[in-house]
Amino acid sequence: MQHKHLIMGTAGHVDHGKTSLIRAITGFDCDTHKEEKKRGITINLGFTHLDLDKDTSIGIVDVPGHSDFINTMISGACGIDFAVLLIAADEGIMPQTREHLSIMELLGIEHGLIVLTKKDLVDEELLELAEEEVREFAEDSFLKDAPVISVSAISKEGIPELLQEIKKITHKISPKNSEGFFRMYIDRIFTVQGFGTVVNGSVLSGKAETDKRLFLQPGNKEVRIRKIEHHGKAAKTVTAGDRAAFNLTGLRQKDFKRGMILSDKIIKETNLLDVKIKLFPTGVNLKLWSNVIFLTGTYKAMVKVHLLDADQLSSGDTCLAQVYLPEPLSAIAEDRFIIRNTSGDITLGGGIIIDTEPLHHRRRRKKHIEDIQKTAEGSFIDRIAVEVKKTIYPLSLNQIAEKLHESIDKIEEEIAEKLPKEIALLINSDQKYLMQKDRRHKILDSIIKTLKKHHAENPLDAEGKTSKELFALFGSKRNADSDNAVSIILDEMLAKGQIKKAGKTLALSGHKISITPQLQKALDYTENKLNEAKPEFAFNDDWLDDCLDLGITEKEYEKIAQSSKKSGKIINFRQQFIGKPLVDKVKRLLIDFYQKNPDEGIALAEVRDRLNGSRKIISFILEYFDIEGFTVRKDNFRFPTQKMKNEIEKQGDDRKC
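Presented here is a report on the structure given in the accompanying data block. Computed from a prediction, not measured in an experiment: that's the story for all the values here.

**A few points about the overall build of the chain**
Secondary structure summary: the chain contains 20 helices and 32 strands in total. The buried share of the chain, taken over its 657 residues, is 51%. In the chain, the share of contacts with a sequence separation of at least 24, taken over all contacts with a separation of at least 6, comes to 67%.

This is how it looks when you write it as structure tokens:
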């Protein structure tokens, strides 16, 4: 049988006997601080434990009851499995009694019992009246069916019955799941001479063992567990539900702050939350924008709250809101929180965190609010869909699992059972992705439009666009995720026959080279002239005039030029076209000259005379060789560069072979 670790929290008004009761059932005094002894109230969280039997152990958190220390009470309630609400029989229900019960409900505590303390100070009649008042008080809360036990911490009367009820309640509570990732809020930090920094907290999820490496968050600084203590004894492992003390190495005490989290994975820090807020019936309302004190776990900050589905939140009501945090918080969805007024003397309400990576909702768009409602109240597949709809890019199942802090297997199960109609599943060889369907359609349409435009502008080109050119459809928003999306969609289009491979490019499946008779004449003319490699056929104006005389338009001429350039038949240099065969002819002449005269230069006039061409065209080609690094001009002569010499040497080696 698995050993059950649970955390019990005591709550109630100041001086109603919480610490005395714990001492009565455990023999341990939680008022260990000098100021607590002096004032007679619990200021800091007190911790001890109780082994009920060999199968069940309980960590006990004694939370403060004084109104000045309600923030500490909220910290203590983090991770509690069940609560014991204490009410002094001689005083009855007091302000902090009501506040503590409301806070426990908002923090999601579902199990508990009620203890009437100081029964030795009242007679039987008053005790009966107190019990009746308590049952009426708890009627609309999670404690409505809870047992009410009357005790005296002085005489120990009622303590055995209380222990029996505690044992009964532990049987109703399932152990926390230790399979998830490890997470623990730090609620105490101190130094032990000879060991260094020690931190305490309640393990919220997962498990940790000695030598395990953890991340201190916010900040994501790495630490290592040197030693673990659980309930005052050395331990090798602690799991969800345990109180734990870690002796840590890797950082100094000043690096730790109460409210930080220890986790075995990096939880993305956030300064923005989507939440669901419920106000207590205090008579205080929240406006569209309000400042409040926000508390979750052991985190505390003054924040701005922006209501989303209401212009005002009235006392006792519930609504969706966005919270702006001044300091980064490492939290996850479904964490609970409390809000207090800016003076910190009234607990206004609280709620549950819906999303730790939300979009900004300043304009409160209806569609976005509907998505938040789905996240808050819908199924797990709704949460997946909302996560996907936050981005224009596809999300891998790994990314979704990471964002939702769930296993890949659970994500797989959910999408296999039912995929929301607005979400598309993309699959490549080694990954599955989810993407908004309308985004997928937009990318697909953009690809088709881009290829259609390219084919219309290049009717003589059998090829289309490369994958890299199509990746650029995302413009300034392009990143690795967008490239991945386009790549997957291109694979789908290839499989469906919408596009085809054309050389190293992709073209529309129906694309064919379309040539009119006039265009064919111009192409044949160009081909012949290029092959002749005559020095008088080189520049745009001459070529254009000749082509127009054959009955083609200037646009068609430009298409011929672009097609010839892409096929390597012409070179575009300084906004002029020149035939590649002519360039090669001049290059061969230079190579022949330099092979015979390795230390000499050749003048422009000599090249012109040997080719019987115009000075203008030969000068243009020689300048092209200068720019390309094959020749260097000195006065009126061109000398070979090392690049040219290497090519001459290579041709010599080729001839020997």
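**Some points on the sheet that holds strand 32 (residues 637-640)**
Read across the sheet, 3 strands follow the order 30-32-31 without closing on themselves; strand pairing throughout is antiparallel. The sheet is open, and its two borders are formed by strand 30 (602-603) and strand 31 (631-634), each paired with just one other strand. Of the strand pairs in this sheet, strand 31 and strand 32 are connected by 4 bridges, and their pairing is antiparallel. Among the inter-strand pairings, T631 is bridged to a residue of strand 32, identified as P640.

**Here we look at the packing of aromatic side chains**
Counted by the stated rule, this structure contains 8 aromatic pairs. Their ring planes at 35° and their centres at 5.6 Å tell us that W289 and Y324 sit as a pair that is tilted. Here W289, found in strand 18 (residues 289-296), pairs with Y324, found in strand 20 (residues 318-329); they are 35 residues apart in sequence, far enough to count as distant. Look at Y324 and you get buried, because its relative accessible area is 14%. The rings of F294, Y299 and F337 are connected pair by pair, giving a single aromatic cluster. It is K634 that lies over the ring of F639; its NZ or CZ is 5.4 Å from the centre. Stacked on the ring of F630, the Lys or Arg K643 has its end atom at 4.6 Å from the ring centre.

**Concerning the pairing of strand 25 (residues 432-436)**
Judged by how many residues are buried, strand 25 sits mostly within the fold: 4 of 5 residues are covered. Examined bridge by bridge, strand 23 (residues 395-396) and strand 25 share 2 bridges and lie antiparallel to one another. Within strand 25, the position partnered with L395 by the bridge is L434. Pairing of strand 24 (residues 423-427) with strand 25 involves 5 bridges; the strand directions are antiparallel. Across the sheet, L425 pairs through a bridge with L434, a residue of strand 25.

**Re a positive patch on the surface**
The grouping of K367, R439, K442 and K477 at the surface amounts to a positive patch. Residue position: K477 is located in the loop between helix 12 (467-471) and helix 13 (480-496).

**Digging into the pairing of strand 26 (residues 499-502)**
Across 4 bridges, strand 26 lies against strand 27 (residues 505-508) in antiparallel orientation. Bridging from a neighbouring strand, K500 pairs with A507 of strand 27. Hairpin connection of strand 26 to strand 27: 2 residues between the antiparallel strands, including G503 at a positive phi of 65°.

**What about a nonpolar patch on the surface?**
Together, F190, V192 and F195 make up an exposed nonpolar region whose accessible area comes to about 230 Å². By secondary structure assignment, the location of F190 is in strand 8 (residues 188-192). Looking at F190, the relative accessible area reads 31%, which means it is partly exposed.

**Details of the sheet that holds strand 20**
In any sheet, the strands associate via hydrogen bonds between backbone groups, in a parallel or an antiparallel arrangement. If you walk around this closed barrel you meet the 6 strands as 17-20-19-18-21-22, and the pairing is antiparallel. Averaged over all neighbouring strand pairs, the angle between strand axes comes to 40°, with direction disregarded. Here 8 bridges tie strand 17 (residues 270-279) to strand 20, and the two strands are oriented antiparallel to one another. Across the sheet, residue T270 finds its bridge partner in strand 20, namely L329.

**Details of the side chain of D355**
Positionally, D355 belongs in strand 22 (residues 347-355). Classification of D355 as buried rests on a relative accessible area of 8%. A polar side-chain atom of D355 sits 2.9 Å from the main-chain amide nitrogen of E357. What D355 contacts, discounting residues up to four positions off in sequence, is L272, L273, D274 and K390.

**Brief notes about the pattern of salt bridges**
Under the criterion given, the structure shown has 26 salt bridges. With a shortest N-O distance of 2.8 Å, R638 and D626 are connected by a salt bridge. Of this pair, R638 sits in strand 32 while D626 sits in helix 19 (residues 615-628), and the two are 12 residues apart along the sequence. What makes R638 buried here is its relative accessible area of 5%.

**Some points on the layout of surface pockets**
Its boundaries defined by the atoms lining it, the second largest pocket holds a volume of some 620 Å³. The wall of the second largest pocket is formed by 28 residues, among which R98, S102, E105, F280 and P281 lie closest to the centre. Elements supplying a minimum of two residues to the lining of the second largest pocket: helix 4 (95-106), helix 5 (124-137), strand 17 and strand 22. A per-class count over the lining of the second largest pocket returns 9 nonpolar, 9 polar and 10 charged. Residues lining the lining of the second largest pocket come from more than one domain, with at least three contributed by each of domain 1 (4-172) and domain 3 (270-369).

**Things to note about the nonpolar core**
Ranked by size, the top nonpolar core spans 25 residues in total, and within it V586, L590, V607, L622 and F625 carry the most contacts. Looking at this core, the element that brings in the most residues is helix 17 (residues 580-596), giving 8 residues. When neighbours within four sequence positions are excluded, V607 is seen to be in contact with V586, L589, L590, I602, I618 and L622.

Thresholds, definitions, all that
The numbering scheme is per chain: residues are counted from 1 as the chain's sequence reads. The model is predicted, so local features are restricted to residues of pLDDT at least 70 and side-chain atom pairs to those at 80 or more, both for listing and for counting; the totals for chains, interfaces and linings are taken over all residues. Processing note: side-chain calculations cover all non-hydrogen atoms of the structure and skip hydrogens and water entirely. Secondary structure is summarised from DSSP: a helix means a run of H or I of at least four residues, a strand means a run of E of at least two, and numbering begins at the N terminus for each. The cut-offs for exposure are 20% and 50% of the maximum accessible area for each residue type, with area from a 1.4 Å probe on protein chains only; residues under the lower value are buried, those over the upper are exposed, and the others partly exposed. Contact criterion: two residues are considered in contact whenever any of their non-hydrogen atoms come within 4.5 Å of each other. The criterion for strand pairing is that DSSP finds at least two bridges linking the strands in question. The pairing test for Phe, Tyr and Trp rings, Trp by its six-membered ring, is centres within 6.5 Å, and the orientation test on the planes gives stacked under 30 degrees, edge-to-face over 60, and tilted for anything in between. We call a charge positioned above a ring when the Lys NZ or Arg CZ atom is no farther than 6 Å from the ring centre and deviates by at most 35 degrees from the ring normal. Only residues whose relative accessible area exceeds 30% and that form no salt bridge enter a patch; like-charged residues are grouped when within 9 Å of one another, and nonpolar side chains (Val, Leu, Ile, Met, Phe, Trp, Tyr) when within 5 Å. Values of accessible area rely on a 1.4 Å probe in the Shrake-Rupley scheme; residue burial ignores everything except the protein chains shown. What makes a salt bridge here is a side-chain nitrogen of Lys or Arg within 4 Å of a carboxyl oxygen of Asp or Glu, nothing more. Note on charges: Lys and Arg go in the positive column, Asp and Glu in the negative column, and His and the chain ends are not counted at all. Taken as the charge location is NZ of Lys, CZ of Arg, CG of Asp or CD of Glu. To define axes, lines are fitted to C-alpha atoms, for helices over the stretch in contact only, and angles between the resulting N-to-C directions are given on a 0 to 180 degree scale. Side-chain atoms alone can form a polar contact between residues adjacent in sequence; in general such a contact is a pair of N or O atoms within 3.5 Å, and within protein one must be able to donate a hydrogen while the other accepts it. Put plainly, a pocket is an open set of points on a 1 Å grid over the protein atoms alone with protein on both sides within 12 Å along at least five of seven lines, a cavity is a set where a 1.4 Å probe fits but cannot get out, and a lining residue has an atom within 4 Å of a point. Grid points are joined across faces, edges and corners, and a volume is the space filled by probe spheres set on the points. Amino acid classes used here: Ala, Val, Leu, Ile, Met, Phe, Trp, Tyr, Cys and Pro are nonpolar; Asp, Glu, Lys and Arg are charged; the rest, including Gly, are polar. Each domain span listed reflects an automatic or database assignment of domains. The definition of a nonpolar core used throughout is a set of buried Ala, Val, Leu, Ile, Met, Phe, Trp, Tyr and Cys residues joined through side-chain atoms within 4.5 Å.

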